[in-house]
Amino acid sequence: LWPVLIGSKKNLNKLDYQNIHKLYENRSSDAILQIQKDIGRTFPDDPFFNPSTKSAGIQRLERVLVAFSWKTPEIGYCQSMNKVAAVLLLFMNEEETFWVLDKLVEDYLRGYYDESMLPLHVDLSVLQSLIEEFLPKVAQKCNEIQSDLVLLIMPWFLCIFVDVLPPESLFRVWDLFFYEGRSVLIRASLAVFKMLEKDILKAQNQYDIFLVLQNSQTQPDSELLLRYMYEKSWDRKLSKASLEKLRNSHQPNVEATFQQVGPVVSRPTSRLFFPQACHRKGPVGILSGVDIDHTGTWSERYKSLSYQVNHWTPPNAVIDHFNRPSYLNDLDDE
């Protein structure tokens, strides 16, 4: 379903995926060197992505990322693409994964992985203003202890919530993301902060907040997350038109900051940028409890999880949002 929603199916015949590999066979680049460093720590505890055994998943992941780096040399590779591509490989074949990743980077999240990452910084600025509006106590707490939300949230957007949400919640957010686009990232971020608000308000320092957000993967209630994402009190403010207006109003200030001091954070090239992703082990990993054999064949346990995730009934808040006539959103934005 994801390739259909994102529109990557139409790209399958435009350029032969295998020919990209043939064209650049035995060639190297800085991007490839970085890919080779990163793929081994994508999901190191899972047999399908085990770097020590040169597993099927690791080989497919490397081929997808290398092909993308050659197809789009102006971007090459940005850390976090490995996480996104690995999750895609759980549900589709290698070539489909390549084209979905291409559509994500070039369209859905256009500019997120560029050198300046300007659109990402604009979205983070918009999110920060929305946290101040809808969750003022959280914003005040972060200001009091000088905790920079941009640094905390940036990996969430780049990884599309991999290593942030537990699998069931993650896949439901991805369903909505592929349907609605990057506005879902802002909705999901607000919902996570709402769910963790009480714990955040107890924080005494930046590290406490980091630990609270790191534990977001242990939050099991995906229904509550989705209800918060489409909370009626902020749903209208988060329509596509409203968010686009907010982006347009925030972009000049972000650009001015870039001119004065440069980006708050540039493209991540070190795993230090994703400490929670690199050091996470045990039951909170995205593939924990998913038994995959070394040939890449999913076990019945994984198929059961996949079925449950892909045959879910949205809570009423989500249904109400999508049943809302579009002209009402236009009136809200006037």
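For the structure itself, look to the data block above.
Description of the structure in this document. Being a predicted model, the structure only gives us computed values, none of them experimental.

## Some words on the overall build of the chain
For the chain, the helix and strand inventory stands at 20 helices and zero strands. In the chain, the proportion of contacts linking residues at least 24 apart, taken out of those at least 6 apart, comes to 79%. Surface accessibility of the chain: about 15600 Å² in total, with carbon and sulfur atoms responsible for 49%.

## Quick look at unusual backbone geometry
With a phi close to 110°, Ser80 is a non-glycine residue in the positive phi region. Summarising the element assignment, Ser80 is placed in the loop between helix H4 (56-71) and helix H5 (81-89). In the Ramachandran plot, Phe161 falls in the positive-phi region, its phi being about 75° despite a non-glycine side chain. Mapped onto the fold, Phe161 is located in the loop between helix H9 (149-158) and helix H10 (167-180).

## Structural notes on the pattern of salt bridges
Side chains carrying opposite charge are able to pair once their charged atoms draw close together. Using the criterion set out here, one finds 13 salt bridges in the structure. For the salt bridge of Asp123 with Arg247, the shortest nitrogen-to-oxygen distance reads 2.6 Å. With Asp123 in helix H7 (residues 118-134) and Arg247 in helix H16 (residues 240-261), the pair connects residues that are 124 residues apart, well separated along the chain. Look at Asp123 and you get buried, because its relative accessible area is 0%. You can call Arg247 buried: its relative accessible area is 6%. Among the ionic contacts, a cluster of salt bridges with common partners joins Asp123, Arg182, Glu244 and Arg247.

## Digging into the state of the cysteines
This model, assessed by the stated rule, comprises zero disulfides. No disulfide involves Cys78; its sulfur sits 9.0 Å from that of Cys159, the nearest cysteine.

## Details of helix H8 (residues 136-144)
Listing the buried residues of H8 in full gives Val138, Ala139, Lys141 and Cys142. Buried residues of H8 fall within an arc of 160° about the axis and therefore sit on the same side. Residues of H8 that are exposed and point over 90 degrees away from its buried face: Lys137, Asn143 and Glu144. In the core, the buried residues of H8 are packed alongside H7, H9, helix H11 (183-195), helix H12 (197-201) and helix H13 (206-214). Immediately downstream of H8, the backbone of Gln146 shows phi near 55°, a positive value.

## Topic: H13
Within the span of H13, buried status applies to Ile209, Val212 and Leu213. Viewed along the axis of H13, the buried residues span an arc of 95°, placing them on a single side of the element. Where H13 is buried, its residues meet H8, H9, H11 and H12. Looking at where H13 begins, the residue whose side-chain oxygen comes 3.1 Å from the main-chain nitrogen of Tyr207 is Asn205.

## Observations regarding the packing of H7 against H9
With their axes 10 Å apart at the nearest point, H7 and H9 run at an angle of 120° to one another. Viewed along their axes, H7 and H9 adopt a mutual orientation that is oblique. As H7 packs across H9, the resulting crossing turns out to be right-handed. Across the interface between the two elements, Leu120, His121, Asp123, Leu124, Leu127, Gln128 and Ile131 from H7 touch Leu149, Val150, Ile153, Met154, Phe157 and Leu158 from H9.

## Looking at the packing of H11 against helix H14 (residues 222-229)
A pair of packed helices is characterised by two quantities: the angle between their axes and the separation of those axes. It is at 8 Å that the axes of H11 and H14 come closest, and there the two elements cross at 120°. Of the possible angle classes, the one that applies to H11 and H14 is oblique. As H11 runs across H14, the sense of the crossing is right-handed. From H11, Val184, Arg187, Ala188, Ala191, Val192, Lys194 and Met195 reach across to H14, where they touch Leu224, Leu225, Tyr228 and Met229.

## Section: the environment of Ile160
Looking at the element boundaries, Ile160 is found in the loop between H9 and H10. For Ile160, a relative accessible area of 0% puts it in the buried group. Between the alpha carbons of Ile160 and Leu170 there is a distance of 8.6 Å; along the sequence they are ten residues apart. Sequence-distant contacts of Ile160, defined by excluding residues within four places in its chain, comprise Val84, Leu104, Leu109, Leu170, Trp174, Phe177 and Leu185.

## Quick notes on the packing of aromatic side chains
Across all of its chains, the model carries 18 aromatic pairs by this definition. Measuring from centroid to centroid gives 4.4 Å for Tyr24 and Trp70, while their planes differ by 5°, and the two rings are stacked. A residue pair is termed long-range when its members are at least 10 positions apart, and Tyr24 in the loop between helix H2 (17-23) and helix H3 (30-38) and Trp70 in helix H4 qualify at 46 residues. With centroids separated by 4.9 Å and ring planes inclined at 75°, the aromatic side chains of Phe48 and Phe49 adopt a geometry described as edge-to-face. Of the aromatic side chains, those joined through ring pairs into one cluster are Trp2, Phe91, Tyr108, Phe171, Trp174, Phe177 and Phe178.

The rules behind the values
- Residue positions are given per chain, counting from 1 as you read along its sequence in written order.
- Local features in this predicted model are restricted to residues whose pLDDT is 70 or higher, and side-chain atom pairs enter the listing and the counts only when it is 80 or higher, whereas totals over whole chains, interfaces and linings include all residues.
- As a rule here, side-chain values cover all heavy atoms of the structure and leave hydrogens and water aside.
- Secondary structure counts use DSSP, requiring at least four H or I residues in a row for a helix and at least two E residues in a row for a strand, with both numbered from the N terminus.
- Throughout, a contact is declared for two residues whenever any of their heavy atoms are within 4.5 Å.
- Using a 1.4 Å probe, the Shrake-Rupley method yields the accessible areas, and only the shown protein chains count as cover for residues.
- Salt bridges are identified by distance alone: a Lys or Arg side-chain nitrogen within 4 Å of an Asp or Glu carboxyl oxygen.
- A 1.4 Å probe rolled over the protein chains alone gives each residue an accessible area, and that area as a share of the maximum for its type sets the label: buried under 20%, exposed over 50%, partly exposed in between.
- By convention in this document, the label disulfide applies to cysteine sulfur atom pairs within 2.5 Å.
- What the arc describes is the spread of directions from the helix axis to the C-beta atoms.
- Polar contacts, as counted here, are pairs of nitrogen or oxygen atoms within 3.5 Å of one another; within protein the pair requires one atom able to donate a hydrogen and one able to accept it, and residues that are adjacent in sequence qualify only if both atoms are side-chain atoms.
- Helix axes are fitted only over the stretch in contact, all axes being lines through C-alpha atoms; the angle between N-to-C directions runs from 0 to 180 degrees.
- The cut-offs work like this: below 35 degrees is roughly parallel, past 145 is roughly antiparallel, 65 to 115 is roughly perpendicular, and the gaps in between are oblique.
- Whether a crossing is left-handed or right-handed is set by the direction in which the near helix is turned from the far one by less than a right angle, anticlockwise for left-handed and clockwise for right-handed.
- A pair of Phe, Tyr and Trp rings is counted when the ring centres sit within 6.5 Å of each other, with Trp represented by its six-membered ring. The angle between the planes then sorts it: under 30 degrees is stacked, over 60 is edge-to-face, the rest tilted.

Everything listed here is a matter of coordinates, which is why it stays silent on function.
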